[in-house]
2 protein chains.
Amino acid sequence: MNIYDVSQKANVSIATISRVLNGNPNVSDKTRARVLAVMDELGYTPNVFARGLGLNTMQTIGVMCSDSSDPYLANAIYYLERELRNNHYDSILCCTGYSLDTKKKYLSLLRSKRVDAIILTGSKFIELRQKDNLYILDAAKEIPIMLVNGFLDGPNIYSTVCDDYSAMYDVTSNLIKSGCRRILYLYTSQSYSGQNKRTGYLNACQDAGIAPEQALVHQCPKDVLEAKNLLTALHEQGLRFDAVLTSDDSLAVGAVKYANIHHISIPDELSVVGYNNSMFSLCTEPELSSVDTKIEALCTSTVNTLMGVFAGGNVPSKTTIAADFIARDTTKF
Amino acid sequence: MNIYDVSQKANVSIATISRVLNGNPNVSDKTRARVLAVMDELGYTPNVFARGLGLNTMQTIGVMCSDSSDPYLANAIYYLERELRNNHYDSILCCTGYSLDTKKKYLSLLRSKRVDAIILTGSKFIELRQKDNLYILDAAKEIPIMLVNGFLDGPNIYSTVCDDYSAMYDVTSNLIKSGCRRILYLYTSQSYSGQNKRTGYLNACQDAGIAPEQALVHQCPKDVLEAKNLLTALHEQGLRFDAVLTSDDSLAVGAVKYANIHHISIPDELSVVGYNNSMFSLCTEPELSSVDTKIEALCTSTVNTLMGVFAGGNVPSKTTIAADFIARDTTKF
């Protein structure tokens, strides 16, 4: 039983059946009724191949993320999948890892699957060297490319980003207002989002009349124990700091562990701020003040924008969502 | 440019092109060469529709999980996706939530997509009432159903499970050997895996001559703060316990927080054991002793079994993988 049988029996073209299946208004009520009656009579269920043949769409969106076991990305996948499903789209997930070659390979693989669009989840997909992003611009010539918390300027590319700059600027300003003068900044990556966060921190220091110090800015792998060990090493080298501001909760957990081991009182002697407001933020004692980066809103907005693109609407190429500061017990504010 | 153009130009049937694309040996070398030459000349790239038409396979596996933002399941998705990709299969991910109706709906949706198999990730997919599992047995009449850490007996259903019973039996025995007599057991779910864990705990107590006490066994949502609050409430009701054994790391994190707040020394006055050896286990001070449930091995084994099924091999319907105990600082062993 297939779409050809329906076509023959209903005496209409396959294109007409596609229109009926997809709710296209360019079918007369009479024809629609006949097609549906035949489908019912033959017990025909439209399947993905028929849809593919008829409309050249799989109603499927490719979702790429570097690593689904990262808590931030795992949440993003969850929300994207839910929102796509609510809009009657399936998702094909690719976990690409972090190498550019693999990202290119998977993007090309998704294109060969004729997905209707590709969502690049997380800021790790945009490279610093513009020529390394050409393959994305290239793909956007054929299908919409959606970036979740990444930004790339180009036709048919749509970004939804969290305002990481303002979030970091504001939290740094508040640390300074609460009396901190030597704010150690720990960051995990130099991505688009990573750069905005760092600039927010640096500008807030400068605007408050505090000269940024190279010695207070450190990169660290996204790992609790690496952060704890780095802070212990800096402490032993004699570096003084009265706050640890991080670009990810895992680093802030490491900071709380460091403080607990060295009997440094939080927040009296040391303030600690996490980022992403993940499950990590509740694990420590005291619990982490953290920046809620609104991952659910980012994903919902990404899918809404994509549906707008499909509907041919005039959609913004960049949507910015404000973060929230969640005050818990590791800051004085 | 499509498979029909190739068919016409090479003067072969679409079925023949499918055979060439899929490396089927029932094509003469001469025909194969002609088809490949025409594809090259026309610049034709085989796409998923063509494969679907020719062989009735999408080379795609449906992966269902209840919640990709759960750290255990997020890791499972990552490993399954990687192993499937290594075997040239794509995955369509569905996050089903926990209601039976939604699970049924998504399974039916994946079947309508003509996936080649469905992987049910996590023990939450098998219901206690046998009649609630009929839809899975039904689906297995058409395609292989793979269970990751769940078990259901039936034709064309393949389970890979962690030996949760032995893991919990052994860790309970070791807690008793290290001097614990009143082991509080916190569990999150009554699933297949959940039941095995609890029976392991109860049997180990009994075998050591310690009568299990109803008051020491409590269900708790998978949530750090819920666990902390439950333990505080039990403490205030006067319940005495010298160990907290949990079915998930998040509950063990809650136990460490409870102990820290009440100035109870770990492990001298209270032993704490986590389960799954997730990122949570490194967040606390002291760090959690935990059971490594070998999620990577479970996923690799699941995909290997599935490839065996596709190859028509004689594969086991149930594979059991032993857990490892990871000793850290919350136990005396």
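Here's a quick rundown of the structure. (Residues numbered from 1 in each chain as written. Chains lettered and ligands numbered in written order. Predicted model: local features only at pLDDT ≥ 70, side-chain atom pairs only at ≥ 80, totals over all residues. Heavy atoms only, no water.)

On to the overall build of chain A, then. Helix and strand content of chain A: twelve helices and twelve strands. Summarising its shape, the C-alpha atoms of chain A cover approximately 85 × 40 × 30 Å along the three principal directions. Counting only residues that meet the buried cut, chain A has 56% of its 333 residues in that class. Partitioning the intrachain contacts of chain A with sequence separation of at least 6 by distance along the chain shows that 72% fall at a separation of at least 24. With the model as given, the accessible surface of chain A reaches about 13,600 Å², and the carbon-plus-sulfur share is 47%. (Helix = DSSP H or I, 4+ residues; strand = E, 2+ residues; numbered from the N terminus. Buried < 20%, exposed > 50% of the residue type's maximum accessible area, 1.4 Å probe, protein only. Contact = heavy atoms within 4.5 Å. Areas by Shrake-Rupley, 256 points an atom, 1.4 Å probe, with all protein chains shown as cover.)

Further remarks concern the state of the cysteines. Residues and elements named next belong to chain B. In this structure the tally under the stated criterion is zero disulfides over all chains. Summary of cysteine pairing: Cys299 is not part of a disulfide, and the nearest cysteine sulfur, belonging to Cys65, is at 11 Å. Relative accessible area serves as the criterion here: at 0%, Cys299 is assigned to the buried category. (Disulfide = S-S within 2.5 Å.)

Moving on, we get to the environment of Leu36(A). Residue and element names in this part refer to chain A. Tracing the chain through its elements places Leu36 in helix α3 (residues 29-42). Judged by its relative accessible area of 44%, Leu36 falls in the partly exposed class. Along the backbone, Leu36 and Ala10 are 26 residues apart, and their C-alpha atoms lie at a distance of 9.1 Å.

All names here are of chain A. Here Ile266 and Pro267 are connected by a cis peptide whose omega angle stands at 0°. By secondary structure assignment, the location of Pro267 is in the loop between α11 (249-261) and β9 (271-275). A cis geometry characterises the amide bond from Glu285 onward to Pro286, with omega recorded as 0°. When you line up the elements, Pro286 lands in the loop between β9 and β10 (289-292). The backbone phi angle of Asn156 is positive, close to 65°, even though this residue is not glycine. With respect to the secondary-structure elements, Asn156 resides in the loop between β4 (145-148) and β5 (157-162). Accessibility expressed as a relative area gives 25% for Asn156, which makes it partly exposed. Of note, Asn277 is a non-glycine position whose phi angle comes to about 50°, a positive value. Among the secondary structure elements, Asn277 is positioned in the loop between β9 and β10.

On to the interface of chain B and chain A. Each side of the interface is counted separately: chain B has 45 residues, and chain A has 45 residues. Applying the counting rule to chain B against chain A returns six salt bridges. The partner of Lys228(B) in a salt bridge is Glu287(A), with the nearest N and O atoms 3.9 Å apart. Put simply, chain B and chain A have 15 residue pairs in polar contact (both at pLDDT 80 or more) between them. Counting only elements with at least two residues in the side of chain B that touches chain A, the list comes to α4 (48-55), α5 (71-86), β2 (90-95), α6 (100-112), α10 (224-236) and α11 (249-261) of chain B. It is α5(B) that provides the largest number of residues to the side of chain B that touches chain A, a total of seven residues. Of the residues belonging to the side of chain B that touches chain A, the class tally is 23 nonpolar, eleven polar and eleven charged. (Salt bridge = Lys/Arg side-chain N within 4 Å of Asp/Glu carboxyl O. Polar contact = N/O pair within 3.5 Å; in protein donor to acceptor, adjacent residues only side chain to side chain. Nonpolar A, V, L, I, M, F, W, Y, C, P; charged D, E, K, R; others polar.)

A few words on the pattern of salt bridges. Evaluated as defined, the whole model comprises 32 salt bridges over all chains. The residue Glu287(A) makes a salt bridge to Lys257(B) at a minimum N-O spacing of 2.9 Å. Here the residue Glu287(A) occupies a position in the loop between β9 and β10, and Lys257(B) occupies one in helix α11, the pair thus bridging two chains. Accessibility classification places Glu287(A) together with Lys257(B) in one group, the buried group.

The next thing to look at is the relation of the copies chain B and chain A. For the pair chain B and chain A, the best superposition has an RMSD of 0.4 Å and corresponds to a rotation of 179° with a translation of 0.1 Å parallel to the axis. Here the copies are linked by what is in effect a two-fold axis. Taking C-alpha positions as the reference, the residue of chain B nearest the rotation axis is Ile92(B), at 2.4 Å. Most of the interface of chain B is mirrored in chain A: 100% of its interface residues are interface residues there too. (Least-squares fit on C-alpha atoms with pLDDT ≥ 70 in both.)

To continue, consider the environment of Arg114(A). By the element assignment, Arg114(A) lies in the loop between α6 (100-112) and β3 (117-121). Once the C-alpha coordinates of Arg114(A) and Met279(A) are considered, the two residues, 165 residues apart in sequence, prove to be 36 Å apart.

With that settled, the discussion passes to the sheet that holds strand β8 (residues 243-246) of chain B. Residue and element names in this part refer to chain B. If you walk across this open sheet you meet the six strands as β7-β6-β8-β9-β10-β12, and the pairing is mixed. Among the strands making up the open sheet, the edge pair consists of β7 (217-219) and β12 (324-326). Pairs of neighbouring strands in the sheet enclose a mean axial angle of 20°, with direction left out of account. Contacting β6 (183-187), β8, β9 (271-275) and β10 (289-292), α11 crosses the sheet at an angle of about 155° to β9. (Pairing = 2+ DSSP bridges. Axes fitted to C-alpha atoms, helices over the stretch in contact; angles between N-to-C directions.)

We now examine the packing of aromatic side chains. Taken as a whole, this structure holds 16 aromatic pairs over all chains when the rule is applied. On the numbers, 5.4 Å between centres and 70° between planes, the contact of Tyr78(B) with Tyr79(B) is edge-to-face. Each residue in the set Tyr185(A), Tyr187(A) and Tyr201(A) is aromatic and connected to the rest through ring pairs, giving one cluster. When the ring centre of Tyr187(A) is taken as origin, the NZ or CZ atom of Arg198(A), which lies over that ring, is 5.0 Å away. Taking the ring centre of Phe151(B) as reference, the NZ or CZ of Lys318(B) above it sits at 4.4 Å. (Phe/Tyr/Trp six-rings, centres within 6.5 Å; stacked < 30°, edge-to-face > 60°. Lys NZ or Arg CZ within 6 Å of the ring centre and 35° of its normal.)

Attention now goes to the pairing of strand β6 (residues 183-187) of chain A. Residues and elements named next belong to chain A. With five of its five residues buried, β6 lies for the most part within the structure. On β6, burial covers both faces: Ile183, Tyr185 and Tyr187 on one face and Leu184 and Leu186 on the other are all buried. Pairing analysis gives four bridges linking β6 to strand β8 (residues 243-246), with the strands arranged parallel. From the neighbouring strand, Leu186 faces β8, where its bridge partner is Thr246. A crossover connection joins β6 to the parallel strand β7 (residues 217-219) through helix α9 (residues 192-207); in handedness this β-α-β unit is right-handed. (Right-handed = clockwise from strand over helix to strand, strands pointing away.)

What follows is about the pairing of strand β11 (residues 318-321) of chain A. Residues and elements named next belong to chain A. Where burial is concerned, the two faces of β11 differ: the one with Thr319 and Ile321 is buried and the one with Lys318 and Thr320 is not. By the bridge criterion, four bridges tie β5 to β11 in an arrangement that is parallel. Looking across to β11, one finds that Ser159 is bridged to Lys318.

Next up on the list: α11(A). All names here are of chain A. Taking 1.5 Å as the rise per residue, α11 with 13 residues should run 18 Å; its terminal C-alpha atoms sit 18 Å apart, in good agreement. Of all 13 residues in α11, eleven are buried; the element is thus mostly enclosed. Looking only at α11, the buried set comprises Asp249, Ser250, Leu251, Ala252, Val253, Gly254, Ala255, Val256, Lys257, Tyr258 and Ala259. On its buried face, α11 sits against β6, α10 (224-236), β8, β9 and β10. (Expected span 1.5 Å × (residues − 1).)

Treat this as a map of the structure, not an account of what it does.
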